[in-house]
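# Observations on the three-dimensional arrangement
Each chain is listed here by its residues.
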Amino acid sequence: MSSEIVRAVCPHDCPDTCALLVHVEDGKAVAVKGDPDHPTTAGVLCTKVSRYTERTYHADRLLYPQKRVGKKGEGKFERISWEEALTTVSEKLKAVASNDPLAILPYSYAGTMGLLQGDGMAQRFFHKIGASFLDRTICATAGGVGYKYTLGSRIGTDTEQTQNARLILIWGGNPIASNLHFWMRVQEAKRNGAKLIAIDPYRSLTAEKCHQHIALLPGTDAALALGLMHVLIAEDLLDHDYIAQHTLGFEQLSQRVAEWTPERVAATCGITAEEVIQLARDYGHCAQRDEASLIRMNYGVQRVHGGGMAVRNIACLPALVGAWRHAAGGVQLSLSDAFPKNVSYLQRPDLFPQGQPRRTINMSTIGDDLLKHSSAEFGSKIDAVIVYNSNPVAVAPQSATVAQGFAREDLFTVVIEHFQTDTADYADILLPATTQLEHTDVHTTYGHLYMMANNPAIAALGEAKPNSEIFRLLAKKMAFDDACFDESDDEMASQAFHKNDERAIHFDWASLKKSGWQKVNVKPAPFAEGGFATPSGKCEFYSESMRKDGFDPLPTYIPPYESVAANPQLGARFPLAMISPPARNFLNSTFVNVQSLRDTEGVPHLDMHPDDAAFRQIHDGDQVRIFNDRGSFVAKARVTDKARQGLVVGLSIWWKKLASDHKNANEVTSQQLTDMGGGPTFYDVLVQVEKA
Ligand SMILES: Nc1nc2c(c(=O)[nH]1)N[C@H]1C(S)=C(S)[C@@H](COP(=O)(O)OP(=O)(O)OC[C@H]3O[C@@H](n4cnc5c(=O)[nH]c(N)nc54)[C@H](O)[C@@H]3O)O[C@H]1N2
Ligand SMILES: Nc1nc2c(c(=O)[nH]1)N[C@H]1C(S)=C(S)[C@@H](COP(=O)(O)OP(=O)(O)OC[C@H]3O[C@@H](n4cnc5c(=O)[nH]c(N)nc54)[C@H](O)[C@@H]3O)O[C@H]1N2
Ligand code: SF4
Ligand SMILES: [Mo]
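Residues numbered from 1 in each chain as written. Chains lettered and ligands numbered in written order. Predicted model: local features only at pLDDT ≥ 70, side-chain atom pairs only at ≥ 80, totals over all residues. Heavy atoms only, no water.

As recorded in an unreviewed UniProt entry, the chain goes by Molybdopterin oxidoreductase family protein and comes from Undibacterium rivi. Regarding the chain, the relevant UniProt record gives this comment under Sequence similarities (unreviewed entry): "Belongs to the prokaryotic molybdopterin-containing oxidoreductase family." Among the UniProt annotations of the chain, the heading Cofactor (unreviewed entry) holds the following wording: "Mo-bis(molybdopterin guanine dinucleotide)". (UniProt positions renumbered as here; feature names shortened; annotations may be inferred.)

Turning next to the sheet that holds strand β18 (residues 441-443). Strand order in this open sheet of three strands is β18-β19-β20, and the pairing throughout is antiparallel. Every other strand in the sheet has two partners, leaving β18 and β20 (517-519) as the edge strands with one partner each. Pairwise comparison of adjacent strand axes, ignoring direction, gives a mean angle of 15 degrees for this sheet. Sheet analysis places β18 next to strand β19 (residues 450-454), joined by three bridges and oriented antiparallel. Directly across from His443, in β19, lies its bridge partner Met452. (Pairing = 2+ DSSP bridges. Helix = DSSP H or I, 4+ residues; strand = E, 2+ residues; numbered from the N terminus. Axes fitted to C-alpha atoms, helices over the stretch in contact; angles between N-to-C directions.)

Within the secondary structure, His246 is located in helix α10 (residues 240-246). C-alpha separation for the pair His246 and Glu529, spaced 283 residues apart in sequence, amounts to 7.5 Å. If we skip the residues at most four places from it in the chain, His246 touches Ala528, Glu529, Gly530, Phe532, Lys538 and Cys539. (Contact = heavy atoms within 4.5 Å.)

Turning our eyes to something else, we now look at empty space enclosed by the protein. This model, assessed by the stated rule, comprises six cavities of 30 Å³ or more. Each pocket or cavity is described by its volume, and for the second largest cavity that value is around 70 Å³. By residue class, the composition of the lining of the second largest cavity is seven nonpolar, four polar and one charged. (1 Å grid on protein atoms, 1.4 Å probe; cavity = no way out; pocket = protein on both sides within 12 Å on 5 of 7 lines; lining within 4 Å. Points joined across faces, edges and corners; volume = space filled by probe spheres on them. Nonpolar A, V, L, I, M, F, W, Y, C, P; charged D, E, K, R; others polar.)

So, on to the sheet that holds strand β3 (residues 28-34). The three strands lie next to each other as β1-β2-β3, forming an open sheet whose pairing is antiparallel. The open sheet terminates on both sides in strands that have one partner only, identified here as β1 (3-9) and β3. Taking each pair of neighbouring strands and ignoring which way they run, the sheet shows an average axis angle of 25 degrees. Relative to β3, strand β2 (residues 19-25) is paired through six bridges, and the arrangement is antiparallel.

The next thing to look at is the site of ligand 1. In the neighbourhood of ligand 1, 32 residues make up the surrounding shell, with Asp200, Asn298, Pro582, Phe586 and Asn588 lying closest. Within the contact set of ligand 1, a nitrogen atom lies 3.4 Å away from a backbone nitrogen or oxygen of Gly300. Interatomic distance of 3.3 Å between a backbone N/O atom of Ala583 and a nitrogen atom of ligand 1. Here ligand 1 loses 98% of its free accessible area of 900 Å² to cover by the protein chains. Here the shell around ligand 1 is built from residues that sort into 17 nonpolar, nine polar and six charged. The two domains that each donate at least three residues to the shell around ligand 1 are domain 2 (157-332 + 525-548) and domain 3 (568-691). (Near = heavy atom within 4 Å. Polar contact = N/O pair within 3.5 Å; in protein donor to acceptor, adjacent residues only side chain to side chain. Areas by Shrake-Rupley, 256 points an atom, 1.4 Å probe, with all protein chains shown as cover. Domains from an automatic or database assignment.)

Between helix α9 (residues 221-234) and helix α12 (residues 262-269), the shortest axis-to-axis distance is 9 Å and the interhelical angle comes to 165 degrees. The angle between α9 and α12 falls in the class roughly antiparallel. The two elements α9 and α12 meet at a crossing, and its hand is left-handed. On α12, the residues that touch Ala223, Leu224, Gly227, His230 and Val231 of α9 are Pro262, Val265, Thr268 and Cys269. Along the lines of polarity and charge, the residues of the contact of α9 with α12 split into six nonpolar, three polar and no charged. (Parallel < 35°, antiparallel > 145°, perpendicular 65-115°, else oblique. Left-handed = near helix turned anticlockwise from the far one by under 90°.)

The next thing to look at is the packing of aromatic side chains. Under the defined criterion, the tally for this structure stands at 19 aromatic pairs. Measuring from centroid to centroid gives 6.5 Å for Phe406 and Tyr426, while their planes differ by 50 degrees, and the two rings are tilted. Of this pair, Phe406 sits in helix α19 (residues 399-406) while Tyr426 sits in the loop between β16 (412-417) and β17 (429-432), and the two are 20 residues apart along the sequence. Each member of the pair, Phe406 together with Tyr426, is buried. For the pair Tyr450 and Trp517, a centre-to-centre distance of 5.8 Å together with 85 degrees between the ring planes defines the contact as edge-to-face. Placement of Tyr450 in strand β19 and of Trp517 in strand β20 is noted, with a sequence separation of 67 residues between them. Grouping aromatic residues by their ring pairs yields a cluster made of Phe125, Phe126, Tyr388, Phe471, Phe480 and Phe485. The positively charged end of Arg124 is found above the aromatic ring belonging to Tyr345, 4.9 Å away from the centroid. (Phe/Tyr/Trp six-rings, centres within 6.5 Å; stacked < 30°, edge-to-face > 60°. Buried < 20%, exposed > 50% of the residue type's maximum accessible area, 1.4 Å probe, protein only. Lys NZ or Arg CZ within 6 Å of the ring centre and 35° of its normal.)

Set out below in structure tokens:
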């Protein structure tokens, strides 16, 4: 018997990007474990990925190319050869491109976060065609843009410092489910005496374990941040020296936040004025004691109309109290800008045909855009869509419209997948992709500071191929003769980072493959002495860039599109706010088809407050229908005060076809976009609930 241990990386869209050790016996992966030596992984994996072999060897894995034989959406396919599949796809793309290459759209997100199997070779291919660009907004752009207006780039407190913080605000995140390795360090901080405060409309698994939980209404975080700044300034809990040296616009900020009294904030957020004042004091006093306060802000705050502004406001807080002086202080939303990725090499935007017009399609409005006809304003209707690393029929907002778009008879759809997802059911050609255990990749991450290498542990199953290889073969079929389409995955990986950038000066692919991981060279306290990447080099309380881009240059509050306060007419018909954050045992819609994980989640649930349930004569365990003007879905009611009054919570994202009504929470979400970054507003939704 031969056995070996192969170094790999968890590819999923999770901030933790764990270092994996894959145990292989006689060519079969028998176990996937966390690397005990990796500083954040620390030998621990979440339940999802510790079951990775179950997913890899799942009986439903797509192993051969197939073509559709039934109706779109019906899911009936017949096996074909790779030769036939690649010829069909390339002929169709050539035909569409001869009319207008912009009628071709790639649709991808973070099924894998690898730089090779993500958007490396694929982007080269679509650039060369001159296809429409996809604006990859579905997760994090609103917050990313808001964060950068204040702080300049998406960097922040190093996760490895967490245990040294004395106050931790977990703001719009549920790390027990979605950022486990940060939570492990929070536990250490707690043992060291830290106070933990969750700011979340829902008493999540995490909020339940914090010392305090502030259950504000969804979409009101920007107002809470304004209120905290009001109290910090009114009570002079400030670091005047830091403000003078490293910030811009303190006077204007003071005038602005003067309007945001704790009482006004309390009324806006649906909490008490005491909660606002006490939180500000906890935060300010921590700094006054010269102890580190950390805000772990997460994407839950930015899936609403004013999501960009909320992140921008929260990002102002550490500079006011001087929290950045401590390595464990400050704020973390994403660390993704810490990596000097060589995007121009990996994705080759220069291949785009010179002089050809460009068009960008926002992935968060894919439903509407697939249904648009050709027009002067829109350009050509979308004639071909190539989906990889994403499951839009389940995850994109206003799902009925998305499905209607993919059902178009005149749309040519290719789906590259591991499984026959809700989206795959609409494919004309369905191509089998390898999983992380079967291919090479190089990774960055948004939750720690290590470059990571993934080695293939086993041979590809069936006839599955890596995304990179599929696009290489398609490029050949299209007769693209640029040398970059001949580069192997190893060649690409070896140039994944700018080696002349001091952060990655030590990067060497051959040694990274051996060691598995290597930290980028960055300062432990990134803004202790200022050095923000904003135009002024300071933390910008006042932002001239925002003014130029048409925003209020100062922190402000943008109410939700859909809330009882902001839209009373809508609120009269649909009085409950609905959010649909991640379920612990799924990763977006990935893993929903893994039986053991689905069994743990049970069936789709809706958590609702006892008063809201009683008013509707709904009892725990009842089947309920959740609806608004966009659609409806059913779930099993869980009557619990984990959901504050006026809020319902449907943990997500279920595969539609595995739910009893073949629907999920995105039936009721909308395609309205955030204030900044063109993001989706998944948590800005009003619904009504009734017994099914
Ligand atoms: N197990 C698991 N882990 C995951 C994922 C998964 O699906 N499952 N998804 C991954 C991905 S792609 C991402 S982007 C991250 C997302 O993970 P997080 O960044 O943690 O964000 P969300 O899950 O969107 O929301 C987290 C919390 O925000 C709360 N929330 C909702 N609306 C608001 C609001 O308006 N204000 C505030 N303060 N809180 C609000 C929710 O109740 C929830 O408890 O997790 C990643 N990790
Ligand atoms: N209602 C609601 N909707 C949401 C959210 C929410 O909180 N609530 N969260 C949103 C967020 S934050 C995000 S990031 C998006 C996520 O949306 P997506 O990025 O679409 O995430 P997944 O649903 O996990 O789908 C990824 C797919 O990629 C496939 N895949 C994985 N690895 C590979 C590979 O190597 N090759 C190929 N070809 N395929 C691969 C997987 O099998 C899976 O089907 O969903 C969004 N939608
Ligand atoms: S999903 Fe996240 S926590 Fe789980 S193994 Fe992957 S990176 Fe680690
Ligand atoms: Mo996400």
